[in-house]
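# Structure assessment
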Amino acid sequence: MGNTMIVIDGNSLIHRAFYALPPMKKRDGAPTNAVYGFMTMLFGLVDSYQPQYMAVAFDRREKTFRHQMFEEYKAGRRKTPDELIAQFPILKHTLDTLGIARLELAGYEADDILGTLSHQYAGEDMEVYLVTGDRDAFQLVTDHARVLMTRKGVSDLEVFDEAHMQEVYSLRPGQIVDLKSLMGDSSDNIPGVPGVGEKTAVKLLSQFGTLDSLYSHLDELPKNKLHEKLELNRELAYLSQKLARIDQNIPLNTKLSELAFAGLQDDSLRQALEELEFTSLLKRRSLEREKTAAVEEETLDDIQKLKKKAEEWEEASMIALHYDGEKLSLSLQRDREFIVPITLSLLGGGISPEDVFSCLKPLLESKKAAKIMHDAKAFLHDCAKFDISPQNIAFDTMVAAYVLNPTRRNFSLEKLKEYYGADGSAAAVMAIYEQQRKQIDELQLGRIFYDIEMPLIGVLFDMEQEGFTVNLQTLEELSARYAEDIARITSEIYALAGTSDFNIASTKHLGVILFEKLGLPVIKKTKTGYSTDIEVLEKLHDQHPIIEKIIEYRQLTKLKSTYIDGLMQTIRSADQKVHTTFNQVATATGRISSTEPNLQNIPIRSALSAEIRNVFIPSKPENYIVSADYSQIELRVLAHISGDAHMCDAFLHDEDIHTRTAAEVFDVPPSEVTAEMRSSAKAVNFGIVYGISDFGLARNLGIPRYKAAEYIKKYLEEFDGVRTYMHTIVEQAKQDGYVRTLWGRIRYIDELSSSNYNTRSFGERAALNTPIQGTAADIIKYAMIEVPRRFREKNLQSKLILQVHDELIVDAEPEELEQVKKILVDTMQNACKMKVTLKVNVSEGKTWAEAK
DNA sequence: GCGATCACG
DNA sequence: ACGTACGTGATCGCT
C-alpha cells in the first residue's frame, strides 16, 4: 500500500503568494495575503492527496541571503518588504498549531531539504510531491517524486512528472541543472553563460544532452558568436552548474515519524484560522463556532430577582463577571448571560450601584465560586468602594492575553472578543477563558500565569490601594523655590543669548539661537532639525557660558513640572497619598510599569534628587521607609543563563563584578583597577546585557570606536560563556520566532526575520536582552507575592507599597522593622535557585531619600 | 497625535 | 552597506 508525502518549499510559496495576490485589508498585527494564499493552497493539497507525511521547508542560509540583499541593493532594486518577512513567523506558528512538521537547517535552503527528503524517501512505497514555485526543483523529478509547480498565484498547481516535463520543456530532469548552467538565473544569483538564454540553452541540450557532452563536442558547433561565448565562459558555466545543483544529501536528521501528518483536525484548524482571523476560510470549512445560538441574554432589573439569582450563583463552581460602569454582567456558560443594568442617575432604570454590589457581596466574597474576569484589578477597585473584597479570582482574560503574547498593543475586552470570536459581556469573558486556558497549557505558560501573574493581581491592587504618603507642604515649598530659580536662570539665558524673544523650552527656538545666532557647531540633527539633547549640550559645554545655564534650566524645569507640580496634582486629598496605577500588561519583557504618577522614575541620580525623594514619607510619623534592592540581578541572571564559568565564579566569591570586568578588559590585577577603569567596565557590562555594539559603547563612553571594539573583544575572550550565549540565544530565537525567560515567559520577536538590517539587529538585541530582563522581572514578581504573604503569616501591619524593577519598598511599623528587613532579604535572596546567589541590600530611613 | 527630551531600572 | 545599546512614562512644543 503506497504512502504519500508532501514537502513544501515555504519560502518560495510565501514569496509567490505575496506578489501574486492583492494586498489584504490591514489588521492589527495580523498576517496579510501570503499566509492566506498559503493556507488555501495547503487545503487543496490535503484534500486532493490526503498525505500521510507532510513537511514545510524553510531557507536558513544567511550569507547567501545577505549577499542577495546586497546585490539587490546595489542594483537599486526594491528590498523585500517587511510585511512579507513578517509572515514567516506567523506561518511557522500556524504550521505548529496544525501539527505539520517544519524543517530548516542552518546553512541550507528549502530546496536542499526538498531534495534530501525526496532522495531519502521517494520509492516503491512512497510517492513524494514537492511543492514549489522555483523551477530549479525540476531536477528532483523521478519515477516517484513529482514537482507541483505554482502557476498564477499559489493554489493553482501544475503536476510535473518526467513525461510532462518532456512535453513542456523537452528536457529530462537531469538536464535542468545543465540548463541553468547555461542560461543562468538572476533571481538565484546563478550567472550562466552571458548571452545564452532559455531558447539557446534548450536547443544545445537537446542536441548534446549534457553540459559535459556539449563542452567535449564544442568543435562540432559552427565557429560563430555562440561558440565564442561558450568557449570563453566554460568556467562560469561549471560554476553555475555547481550553484544550480540541489544538494540531496544534507545532514538532515529527521525521522520519518516526525513527518507524520494526521490530517487537518477540526480543533487545531479552527484554532489556527481563528488566530489568523481568516473568517472566510473558517466559513468555507464549516468551522465557525456555533454562534448560532447567539448569547442568550436575561436582564435582571429587579432587586428581588437579583438577590434570588445571587444566592443560586453562590453554589456555582465557576462564574464569569464583567462590570463596565453601566451594567454588571454574569455568566455561567459562554452562550448565556445575565445583565444587571446599573442606574447612574435618579431618572434612569436599573438598580443603584449600592444595591447591586451589596446583593452580590456574598457571592463575590465567597471562596467557593471561581471568578473569571477581564481586568480583575480594576474590578477590585470598584468593589473596594463598597467595602467588598472579592475572593477566588481564578482567571483574568486580560492578563492571560498578555502572558500569551506580551507584545500585543491592545488588551481591551472588545479586541479580545474580535480575536477569539466571542460575543456578549460576561459570556464573552467565559468563552475567551475557555480558549485561553488551553493555549496557556499548550504553550507551557502555566507557571508564569497561574503561579506569578494571577496572584500578583491582588498584590498590585493592595499596593495601589495603600499608596505612598507625600509631604504636600514640602512639595509646595519646593515648587515656589524652583519657580524662583527657573525665573533667575531664564533671565540669565536671555542675557547671554542677547535676546529674550524665544522659548527656551522649544527645541526649535533653541536651535536657532545656539546654532544660528551664536554660531555654535551642529553636533547632530534630528528628523525635524537641530538636536539639542544633553549629549549635544555636553559637547558644547566649553564653547559658550549659555550651555551650562540651559542644562540647569532643563534639569530644574523637568524636576518642577514632572516631579513637583506633576506629583502634587496626583495627591489624593482624602489621605495625602499618591496612588499609582501599576500596569501589568504593558511591557514586552514581563516588567510592570507605573502611571499617574509614575513612581518608577522618581529622580535619584542627580544632586537635587534627594530633595524630591525626601517628599516621600511613611504613612505614620513613627514608621520607616524600608528599601530592599537586588544587587546586579541582571548580570547574575546572565551568569546563570549563560553558565559562564568566570562570571559565575566572580559572583560566587562575591567579587565586585565591574572591578573584575575591568581587570579582564584592561589586563591589570584587580587591585590596580582605577575608578575610571571600573566605570568603563560598568558600561561594558551594561552593553553586554543590552546587546552590545562597538558603536554604542563608544558613544556611551565617549571613546573611539576601535577602542570600544577592543574592550568588547577582551571581554568576550574572558567571558566565553557569554559569547556562546549571545550566539545561541539569537540562533534559537530565529528558529522559534520567540524567546523565553528562565521560568518560561514568552516574547515573540517578529523583527528577527526582517530584511531590514536595523530592524533585524534590533530583534537580535531584544532576543538577547529579554530572557535577562524578563527573568529578573519574574524573580521580583515572585518576591512581591511572597513578601506580603509572610507579612500576613506573621500578622505584621507593615505594607509593601512600591516596586521599582529590582527594588521593593515597604512602609514599616517601627516594632516590625527588623522582621520586615529579614523577610525582605530572605524572600528576595531565595526567590530563585541559580548557579549564582542573589544578593539583596536593605536599608531604612524616615524618608525615601534616607532609605539608601 | 507625535517627536524630542529626560526621569528611572 | 547599513546605523546602533534593553525596558518604560510624563511633559512640552508644534502641527
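These numbers come from a predicted model, not from an experiment. (Residues numbered from 1 in each chain as written. Chains lettered and ligands numbered in written order. Predicted model: local features only at pLDDT ≥ 70, side-chain atom pairs only at ≥ 80, totals over all residues. Heavy atoms only, no water.)

## Brief notes about the protein's contact with DNA strand C
We apply this condition: Here a residue counts as near a molecule or strand whenever at least one of its heavy atoms sits within 4 Å of it. Counted as a polar contact is a pair of N or O atoms within 3.5 Å, where, for protein atoms, one must be capable of donating a hydrogen and the other of accepting one, and residues adjacent in sequence contribute only when both atoms are in side chains. Helix and strand definitions follow DSSP, with helices as H or I runs of at least four residues and strands as E runs of at least two, each counted in order from the N terminus. Residue type decides the class: Asp, Glu, Lys and Arg count as charged, Ala, Val, Leu, Ile, Met, Phe, Trp, Tyr, Cys and Pro as nonpolar, and the leftover types, Gly among them, as polar.
Around DNA strand C sit 38 residues in total, of which Ser506, Ser593, Arg705, Tyr757 and Arg765 are the nearest. In DNA strand C, atoms within 4 Å of the protein come from the sugar-phosphate backbone in 61% of cases. Contact distances for DNA strand C include 3.4 Å between a base nitrogen and a backbone N or O atom of Ala683. Residue Gln773 places a side-chain N or O atom 3.0 Å away from a sugar or linking oxygen belonging to DNA strand C. Going through the elements one at a time, helix 3 (62–74), helix 23 (507–517), helix 25 (545–569), strand 17 (593–595), helix 30 (675–690), helix 31 (694–701) and helix 34 (757–793) are the ones with two or more residues in the surface near DNA strand C. The leading source of residues in the surface near DNA strand C is helix 34, at six residues. Across the surface near DNA strand C, the residue classes break down as 12 nonpolar, 18 polar and eight charged.

## Brief notes about the protein's contact with DNA strand B
Surveying the vicinity of DNA strand B reveals 23 residues, the closest of which are Thr532, Lys558, Ile604, Arg605 and Asp806. The side chain of Thr528 places a nitrogen or oxygen atom 3.4 Å from a phosphate oxygen of DNA strand B. At a separation of 2.6 Å, a base oxygen of DNA strand B approaches a polar side-chain atom of Lys558. Here the surface near DNA strand B gets three residues from one element, more than from any other, and that element is helix 25.

## Quick notes on empty space enclosed by the protein
Vacant regions in the atomic arrangement are exposed by a probe of water-molecule size rolled over the atoms. Put simply, the rule reads: Put plainly, a pocket is an open set of points on a 1 Å grid over the protein atoms alone with protein on both sides within 12 Å along at least five of seven lines, a cavity is a set where a 1.4 Å probe fits but cannot get out, and a lining residue has an atom within 4 Å of a point. Grid points are joined across faces, edges and corners, and a volume is the space filled by probe spheres set on the points.
Within the structure shown, the criterion is met by two cavities of 30 Å³ or more. Considered as a void within the structure, the largest cavity measures approximately 80 Å³ in volume. As for the largest cavity, its lining consists of Arg135, Phe138, Tyr169, Ile176, Leu179, Lys180, Met183 and Glu198. With four residues, the top contributor of residues to the lining of the largest cavity is helix 8 (residues 176–183). Of the residues in the lining of the largest cavity, the class split is five nonpolar, no polar and three charged. Estimates place the volume of the second largest cavity at around 30 Å³. In terms of lining residues, the second largest cavity is bounded by Gly590, Arg591, Ile592, Ala777, Ile780, Lys781, Gln803 and His805. It is helix 34 that contributes the most residues to the lining of the second largest cavity, three residues altogether. Within the lining of the second largest cavity, the residues separate by chemical class into three nonpolar, three polar and two charged.

## Some remarks on the domain arrangement of chain A
Applied cut-off: Reported domain spans reflect what an automatic or database domain assignment gives.
Along its sequence, chain A is carved into domain 1 (3–166 + 247–276), domain 2 (296–443), domain 3 (469–578) and domain 4 (657–743 + 754–769). A straight line from the C-alpha centre of domain 3 to that of domain 4 covers 34 Å.

## Considerations on the pattern of salt bridges
As a reminder of what qualifies: Put simply, a salt bridge is a Lys or Arg side-chain nitrogen that is within 4 Å of an Asp or Glu carboxyl oxygen. Burial classes follow relative accessibility: with a 1.4 Å probe on protein chains only, a residue under 20% of its type's maximum area counts as buried, one over 50% as exposed, and anything between as partly exposed.
According to the stated counting rule, one finds 47 salt bridges in the structure shown. Where Glu466 meets Lys577, a salt bridge forms, and the shortest distance between an N and an O atom there is 3.4 Å. Taken together, the positions of Glu466 in helix 21 (residues 446–466) and Lys577 in strand 15 (residues 577–578) put the pair 111 residues apart, joining distant regions of the chain. As far as burial versus exposure is concerned, Glu466 and Lys577 are alike and both buried. Among the ionic pairs, Asp649 bridges to Arg660, the shortest N-O distance being 3.8 Å.

## What to know about the packing of aromatic side chains
Filter applied, for reference: We call Phe, Tyr and Trp rings a pair once their centres come within 6.5 Å, taking the six-membered ring for Trp, and we label the pair stacked below 30 degrees between planes, edge-to-face above 60, and tilted otherwise.
Going through the model one piece at a time under the given rule, you end up with 24 aromatic pairs. With centroids separated by 4.7 Å and ring planes inclined at 75°, the aromatic side chains of Phe395 and Tyr433 adopt a geometry described as edge-to-face. With Phe395 in strand 12 (residues 393–396) and Tyr433 in helix 20 (residues 426–442), the pair connects residues that are 38 residues apart, well separated along the chain. Residue Phe395 is classed as buried on the basis of its relative accessible area of 1%. Judged by relative accessible area, which is 6%, Tyr433 ranks as buried.

## A few points about the side chain of Lys180
Keep this limit in mind: Residue contacts are counted whenever heavy atoms from the two residues lie within 4.5 Å of one another.
Take Lys180: it is sitting in helix 8. Taking relative accessible area as the criterion, Lys180 reaches 8% and is therefore assigned buried. Engagement of the side chain of Lys180 in a polar contact is seen with the side chain of Asp136, the distance being 3.0 Å. Residues contacting Lys180, with those up to four places away along its chain left out, are Asp136, Asp185, Ile190, Gly192, Ser240 and Ala244.

## Section: the pairing of strand 22 (residues 799–803)
Along any regular strand, the residues point their side chains to alternate faces of the sheet. Which entries qualify depends on this criterion: At least two DSSP bridges between two strands are required for those strands to pair.
Extensive coverage of strand 22 is indicated by the burial of four of its five residues. Pairing analysis gives four bridges linking strand 22 to strand 23 (residues 807–812), with the strands arranged antiparallel. Bridge pairing links Leu802 to Ile809 in strand 23. Hairpin connection, strand 22 to strand 23: the antiparallel pair is bridged by three residues, and His805 has positive phi, about 70°.

## A few points about a negative patch on the surface
Convention followed: In this scheme, patches are assembled from residues that exceed 30% relative accessible area and form no salt bridge. Like charges are connected within 9 Å, while nonpolar side chains (Val, Leu, Ile, Met, Phe, Trp, Tyr) are connected within 5 Å. Each accessible area value is a Shrake-Rupley result obtained with a 1.4 Å probe; residue values ignore everything except the protein chains displayed when judging cover. All tallies of charge rest on Lys and Arg as positive and Asp and Glu as negative; His and the ends of each chain are not included. Charge positions are represented by NZ for Lys, CZ for Arg, CG for Asp and CD for Glu.
A surface patch of like charges, here negative, comprises Glu124, Asp125, Asp143 and Glu162. Its place among the elements puts Asp143 in the loop between strand 4 (126–132) and strand 5 (145–150).

## Some thoughts on the environment of Leu599
Relative to the elements of secondary structure, Leu599 occurs in the loop between strand 17 and helix 26 (609–613). With 14 residues separating them along the chain, Leu599 and Val585 place their C-alpha atoms 17 Å apart. Excluding residues that lie within four positions of it along the chain, Leu599 makes contacts with Phe468, Leu567, Val578, Thr580, Ser594, Phe616, Leu802, Val804 and Trp848.

## Here's the deal with the nonpolar core
We count it as follows: We call a set of buried residues a nonpolar core when its members are Ala, Val, Leu, Ile, Met, Phe, Trp, Tyr or Cys and they connect through side-chain atoms within 4.5 Å of each other.
Ranked by internal contacts, the top residues of the largest apolar core, which has 174 residues, are Trp313, Leu328, Leu360, Phe468, Tyr630, Met647 and Ile779. Among the elements that line this core, the one with the most residues is helix 34, at 12 residues. Each residue touching Met647, except ones within four places of it in the same chain, is listed here: Leu635, Leu638, Ala639, Ile657, Tyr715, Phe719 and Val722.

## Notes on the packing of helix 27 (residues 633–642) against helix 28 (residues 645–652)
Inclusion rule: Angles shown run from 0 to 180 degrees and are taken between the N-to-C directions of axes, each axis being a line fitted to C-alpha atoms and, for helices, limited to the stretch in contact. Throughout this description, any angle smaller than 35 degrees is read as roughly parallel, any larger than 145 degrees as roughly antiparallel, any in the 65 to 115 degree range as roughly perpendicular, and the remainder as oblique. By convention, the crossing between two helices is left-handed when the near helix turns anticlockwise from the far helix through less than a right angle, and right-handed when the turn is clockwise.
Two elements in contact, helix 27 and helix 28, have axes whose closest approach is 8 Å; the angle formed by their N-to-C orientations is 130°. Taken together, the axis directions place helix 27 and helix 28 in an arrangement best described as oblique. The interaxial crossing formed by helix 27 with helix 28 has left-handed handedness. Contact with helix 27, carried on its side by Leu635, Arg636, Leu638 and Ala639, involves Met647, Cys648 and Phe651 of helix 28 and no other residues of that element. Across the contact of helix 27 with helix 28, the residue classes break down as six nonpolar, no polar and one charged.

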